[in-house]
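Observations on the three-dimensional arrangement
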Amino acid sequence: DWGRGCIRTMLPQISPNQSQEVRQRGNQLGGSLPGLKGHLHSSLDEQQKQPLTPGAPPPPPTDAPLYKHPWVWCVLALLIWIVFGTVWYGFWHGFSVIVAFYYHVQAGLSIGFGFPGAEEICYKDPSQISSPTVRHYATGPGMQFPLPSEGGRGGCQAADISKAVTVIFVLIGSSIIASAIGVIAQALTAPAGGWYKTLIAEEKIKHLQQLAAESPGISDDIIIWLKILFLKSWFQALCCIVVWIAVGVIYGTVSDQRMTPITALYYAVTAVSTAGLESPKTIQGFPSIPVTIEELDPGHWAFSGFYVLVGVPLYGWALSALASGYVAWVTVEDADNTLHEQITEDEFQIMDYLGYPSAKGQGGDGEIDMFEFVECQLLRLNLVSVSHLMQIKMRFIDLDIDDSGTIDKDELILPGGVEQPAHPGMSYAMDALKSIHHEIEDMRDARSKLTTEEKTRLNDESQALAKEKTSQAALNKTWGRFYKQAWFKCFVVFCLWVMSACIFYSQWQQWGFWQSLYYSIQAGMSVGFPLPSEDEMCTKTGIEGRAALFIYPEGQMYTPFADGGRGGCVAGDMSKLFTTMLILVGSSIIASSIGIIAVALLNPPGGWYKQLIAEEEHNHFRKIAEESEGWVDDVYVYAKMYASKGWVRSVLALLAWITVGITYGTMSNQRMSFVTGLYFAVTSVSTGGLEAIMLLGDDTPSGDVRLELDEFPGGNFAFVTGYLMIGIPIYAWALTEIASFFTKAMQEKWTRDML
């Protein structure tokens with residue numbers, strides 16, 4: 001009832017008297033303007049803010065001011081975020097502008113290179129700290145935390161204050177980037193005329209495929225298929241990210257950072273994927289010599305900051321394009337099943353209020369025409385919303401001044417406007433539409449030649465097939481056939497990915513099971529905790545097996561850091577190459593899995609009208625709150641309303657999970673302060689990885705409690721592994737909901753402008 005009532009509320013029935021009122025309003029606005037039949041676009045009247053003279057051509061539309069474009073506000077928010085972060089780190093840590101810019105971007109974008117660290121300020125000479133306030137919190141009495149040798153973790157109050165600010169920057173930066181990507185994606189996926197331009201692109205691809213099939217030479221086929229690939233968005237995104245990774249590789253190998261090609265690839269991929277497992281080192285010159293942070297050429301900091309600022313969105317674009325293509329391929333069968341599933345009784349009741357807005361009253365006419373059927377299927381496929389359909393119909397009624405049920409070209413195209421040049425590929429779109437119409441006409445012709453008995457038989461067969469598909473689809477969604485569900489397939493692929501990584505690290509790095517599992521998850525999911533390091537195996541003496549062949553023989557070790565090199569060995573580079581592939585494959589698996597699960601969650605059976613019911617329930621609760629007298633009832637009603645909203649549920653889930661991380665950090669043998677625990681929790685789930693677990697033993701009154709990796713309790717690795725596997729999807733869910741909340745107004749404005 002709420003669903004039908006919502007549709008009736010959205011689109012009041014239009015009586016003949018109301019149609020006459022609309023016609024009179026149009027005549028009052030536009031008089032007898034040539035070609036418009038008395039109608040004017042009201043948006044022009046609002047924009048020009050001047051009276052319209054009957055019979056005169058309307059003024060040409062003007063471009064919207066720059067500040068009204070959503071992307072301008074995204075860029076402005078990003079610049080303000082960068083400026084505030086750069087100023088803060090420059091003031092608090094005493095960094096130069098370039099180093100502060102680098103540190104802020106790599107921390108705020110959840111890269112987490114880990115160098116320089118927030119605790120370095122705690123061990124500076126007080127004379128090197130210019131600000132008295134910072135000096136007090138860094139070196140003042142009682143401001144230093146106990147060192148590991150004293151049963152603590154180290155650090156100071158100044159570092160904790162910096163970590164608290166970094167947490168805020170990470171949360172704000174993630175929201176800004178997610179919102180900006182949403183705005184840009186909206187602009188890219190829904191440009192002016194985007195629907196027929198997409199049709200043109202698809203028809204071009206079909207045309208080129210036909211040419212390739214007909215061409216006799218291999219060289220012609222290669223050229224044609226390259227043209228086809230460059231028309232696909234996933235290939236364009238892949239080319240861009242490959243070029244940008246190549247830029248990072250060139251920087252690492254050519255600059256005085258002295259990276260090997262594999263280490264440079266490791267640096268580039270882990271930087272743009274936000275893992276941050278390889279940071280710039282304080283070496284420079286030819287031959288290289290170790291230097292301090294202040295002495296290092298600022299060009300290294302500037303390059304790395306700019307590299308991640310551009311590379312992270314490019315990587316996100318490539319990942320989204322690849323995942324979207326895979327998800328579309330996987331969900332083709334689901335879409336086909338949705339189209340052939342039987343219409344439920346609930347859907348039929350609401351469908352009767354779709355279609356052409358006529359005076360149907362409360363019950364409708366009990367029949368479904370093509371208009372209503374198409375709308376229902378679009379809603380079932382989650383391609384449109386009821387609100388959008390109603391806005392479209394209202395726009396049609398507004399344009400149909402003579403109430404004829406049709407609109408001619410003069411009513412749609414406003415004279416005197418900006419002339420848009422015809423698209424050069426419009427013929428492709430026309431050919432595609434003609435082909436579709438020919439198929440429909442052929443089907444109609446074939447059906448017209450059938451007898452009534454044959455049509456009845458075909459309809460019975462179609463209904464039987466629909467029943468079978470409906471029952472099979474319902475059966476496949478039960479626990480008895482969990483192996484056919486999308487989430488289970490994603491889970492199996494994820495387990496295989498983790499298992500292969502665990503086997504490699506346990507055999508090559510010769511870590512224990514929990515260490516291998518922990519490193520597989522935190523590196524593969526682009527968290528990038530600096531502990532343990534893959535180069536640590538180069539300094540060990542007990543490595544056995546094949547890895548030993550690339551450590552101990554002569555020529556396998558690289559120049560140590562003390563001698564002006566980066567350290568490491570060939571075995572470490574091989575491990576980094578595997579991790580690079582692990583990150584690339586893992587990112588694609590996780591993005592595709594999230595996409596498939598999101599499709600399943602966003603398009604459940606009957607989801608379109610259940611969403612309609614939820615919206616009407618909100619309106620019902622809001623009305624109750626307005627009519628109730630006491631504020632206690634209002635609080636209760638609004639609490640029920642907000643508890644059902646996706647962004648509220650996701651934020652609450654994220655806060656609860658962050659609390660779990662804080663509890664672990666403060667109550668375990670990691671001995672974190674509250675702020676450091678918060679820093680650990682937020683930078684873990686956001687894949688920043690700025691606060692790793694330390695190899696600390698049980699708290700003792702005195703003595704060094706640092707342990708070797710093999711001596712460290714595996715429960716810490718197990719907890720962090722589980723914390724990341726659950727926390728990262730929760731953080732992504734919250735980030736998506738928050739970004740959708742902020743971009744909703746832009747989406748609504750775009751819808752109004754498009755209509």
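Residues numbered from 1 in each chain as written. Predicted model: local features only at pLDDT ≥ 70, side-chain atom pairs only at ≥ 80, totals over all residues. Heavy atoms only, no water.

For the structure on display, the rule yields 2 disulfides. A sulfur-sulfur distance of 2.1 Å marks the disulfide that ties C122 to C156. Because the torsion about its S-S bond is -80°, the bridge between C122 and C156 counts as left-handed. Here the residue C122 occupies a position in the loop between helix 5 (97-108) and helix 6 (132-139), and C156 occupies one in the loop between helix 6 and helix 7 (157-189), the gap between them amounting to 34 residues. Each disulfide pairs two cysteine sulfurs, and for C538 the partner residue is C569, the sulfurs being separated by 2.1 Å. Between C538 and C569, the disulfide has an S-S torsion of -75° and is therefore left-handed. Residue C538 is located in the loop between helix 21 (513-524) and helix 22 (570-602), and its partner C569 is located in the loop between helix 21 and helix 22; the two are separated by 31 residues in the primary sequence. No difference in accessibility class separates C538 from C569, as the two residues are buried. Taken in N- to C-terminal order, the disulfide-linked cysteines of the protein are connected 1-2, 3-4. Here C239 stays unpaired: no disulfide links it, and the sulfur of C240, its closest cysteine neighbor, is 7.0 Å away. (Disulfide = S-S within 2.5 Å. Helix = DSSP H or I, 4+ residues; strand = E, 2+ residues; numbered from the N terminus. Buried < 20%, exposed > 50% of the residue type's maximum accessible area, 1.4 Å probe, protein only.)

For the rest of this paragraph, the subject is helix 20 (residues 486-508). End to end, helix 20 covers 33 Å across 23 residues, agreeing with the expected 33 Å (1.5 Å per residue, within 8%). Buried residues of helix 20: C490, F494, W497, V498, A501, C502, F504, Y505 and W508, and no others. The first or second residue beyond helix 20 is Q510, which carries a positive phi of 60°. (Expected span 1.5 Å × (residues − 1).)

Here we take up a nonpolar patch on the surface. Side chains of W479, F482, Y483, W487, F491, V492, L496, M499 and I503 sit close together on the surface and give an oily, nonpolar patch of about 960 Å² of accessible area. Locating V492 in the fold gives a position in helix 20. (Patch = residues over 30% accessible without salt bridge, like charges linked within 9 Å, V, L, I, M, F, W, Y side chains within 5 Å. Areas by Shrake-Rupley, 256 points an atom, 1.4 Å probe, with all protein chains shown as cover. Salt bridge = Lys/Arg side-chain N within 4 Å of Asp/Glu carboxyl O.)

On to the environment of I624. Looking at the secondary structure, you find I624 in helix 23 (residues 607-627). Separated by 14 residues in the primary sequence, I624 and Y638 place their C-alpha atoms 9.8 Å from one another.

Our focus in this paragraph is the packing of aromatic side chains. Taken as a whole and judged by the stated rule, the model has 32 aromatic pairs. Ring geometry for Y505 and W511: centres 5.8 Å apart, planes at 25°, overall stacked. Grouping residues by exposure puts Y505 and W511 together as buried. Centroid distance F680 to Y723: 6.0 Å. Interplanar angle 20°. Geometry classified as stacked. Taken together, the residues F680 in helix 26 (residues 674-685) and Y723 in helix 27 (residues 714-754) connect sequence positions 43 residues apart. For the residue pair F680 and Y723, the accessibility class agrees, reading buried in each case. Taken together, the ring pairs connect Y518, F529, W657, Y664, F680, F717, F719 and Y723 into an aromatic cluster. (Phe/Tyr/Trp six-rings, centres within 6.5 Å; stacked < 30°, edge-to-face > 60°.)

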